[in-house]
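Coordinate inspection notes
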Amino acid sequence: MLKHKFLTTSIALLAVGTLTAQEQEKSLYIKGNALLAPIGVINVGVEKQLTSKITLQGDVLVSPWKSFAGHEMQYYSLSAEGRYYFNQAFKGFYLGANIAVAAFNAQKWSYWSDSPTTDEFGRTFITSNLYQKGYSYILGITAGYQFRLSDRLNMDIYGSIGSSQDFYKGYDRVSGDRYDVAKKYNKSGEIIPYRGGIMISYKLK
């Protein structure tokens, strides 16, 4: 009877110890985008291991430029992403499902021309003086590859593409007038690449 209790207790302690060890093995990384940092765009995140092949990442992006090369480029976003690694967490190829929200005061690349444009009221604007201010909801997929640089450092190369639902108002930089005719917000939806870069990750545990 005493041996049976001892054996039962030992197995229970071993099971608890194993579960504790497995929990401790779940890694946590902080990361920063080395590709965007040189142009003053901040993109940092945290990636937490959930299982042997699944992680959860949250990241923020801040582009504070009121003017960059003559174009508005203020952009702020927050995203959450679930990732599935085909090999093991933080190693090799992975696919992810991403959801993001963003606020922007920026000029679309299609507005960089200096050609004149006329609205339905007969007003004429120079296209390169027009910019957009609003917010977006984005749902997309991510593909990437992560590999180890050292015991605590990883490199994560990735890109995301998805459906962006945008709500914005358009303004003329010179007069301050709205160039669009919507009473409130213009609405547009498009499939675009919206995230990407090279993240350098540091293992906290």
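Heads up: the structure comes first, above all this text.
This report concerns the structure included in the present document. (Residues numbered from 1 in each chain as written. Predicted model: local features only at pLDDT ≥ 70, side-chain atom pairs only at ≥ 80, totals over all residues. Heavy atoms only, no water.)

Another point: the pairing of strand β3 (residues 54-68). By the bridge criterion, 8 bridges tie strand β2 (residues 42-49) to β3 in an arrangement that is antiparallel. Across the sheet, Asn43 pairs through a bridge with Leu61, a residue of β3. Here β2 folds back onto β3 in antiparallel fashion, the turn holding 4 residues. Sheet topology places β3 next to strand β4 (residues 71-85); 13 bridges connect them, and they run antiparallel. Across the sheet, the residue bridging to Gly58 is Ala80, located in β4. Linking β3 back to β4 in an antiparallel pair, the connection comprises 2 residues, with Ala69 at a positive phi of about 55 degrees. (Pairing = 2+ DSSP bridges. Helix = DSSP H or I, 4+ residues; strand = E, 2+ residues; numbered from the N terminus.)

A separate point is unusual backbone geometry. Phi at Phe90 takes a positive value of approximately 70 degrees, unusual for a residue other than glycine. In this structure, Phe90 sits in the loop between β4 and β5 (92-106). By relative accessible area, which is 7% here, Phe90 ends up buried. (Buried < 20%, exposed > 50% of the residue type's maximum accessible area, 1.4 Å probe, protein only.)

In this section: the packing of aromatic side chains. Geometrically, a pair of aromatic rings is defined through the distance of the ring centres and the angle of the planes. As enumerated under the stated definition, the model contains 11 aromatic pairs in all. Judged by centre distance (4.6 Å) and plane angle (70 degrees), the rings of Phe93 and Tyr145 are edge-to-face. Pair noted here: Phe93 is in strand β5 and Tyr145 is in strand β8 (residues 130-148), with a separation of 52 residues, a long-range link. Here Tyr135 and Phe167 contribute two aromatic rings whose centre-to-centre distance is 5.3 Å and whose plane-to-plane angle is 20 degrees, an arrangement assigned as stacked. Taken as a pair, Tyr135 in strand β8 and Phe167 in strand β9 (residues 153-172) lie far apart in primary sequence, 32 residues in all. Here the guanidinium or amino end of Arg83 rests over the ring plane of Tyr158, the centre of that ring lying 5.9 Å away. (Phe/Tyr/Trp six-rings, centres within 6.5 Å; stacked < 30°, edge-to-face > 60°. Lys NZ or Arg CZ within 6 Å of the ring centre and 35° of its normal.)

Attention now goes to the nonpolar core. Generally speaking, soluble globular proteins have nonpolar side chains that are buried together. By size, the foremost hydrophobic cluster in this structure holds 7 residues: Tyr29, Tyr85, Ala89, Phe90, Tyr94, Tyr158 and Met199. Excluding residues within four positions of it along the chain, Tyr85 makes contact with Glu47, Lys53, Thr55, Phe90, Lys91, Gly92, Phe93, Tyr94 and Gln146. Ranked by size, the runner-up nonpolar core spans 6 residues in total, among them Phe125, Leu130, Tyr168 and Tyr179. (Core = buried A, V, L, I, M, F, W, Y, C linked by side-chain atoms within 4.5 Å. Contact = heavy atoms within 4.5 Å.)

Time to look at the sheet that holds strand β10 (residues 186-203). In space, the 8 strands of this closed barrel follow the order β1-β2-β3-β4-β5-β8-β9-β10, with antiparallel pairing throughout. Taken pair by pair, the neighbouring strands of this sheet meet at an average axis angle of 20 degrees, ignoring direction. Note that strand β1 (residues 28-33) and β2 share 5 bridges and pair antiparallel. What sits directly across from Leu28, in β2, is Lys48. (Axes fitted to C-alpha atoms, helices over the stretch in contact; angles between N-to-C directions.)

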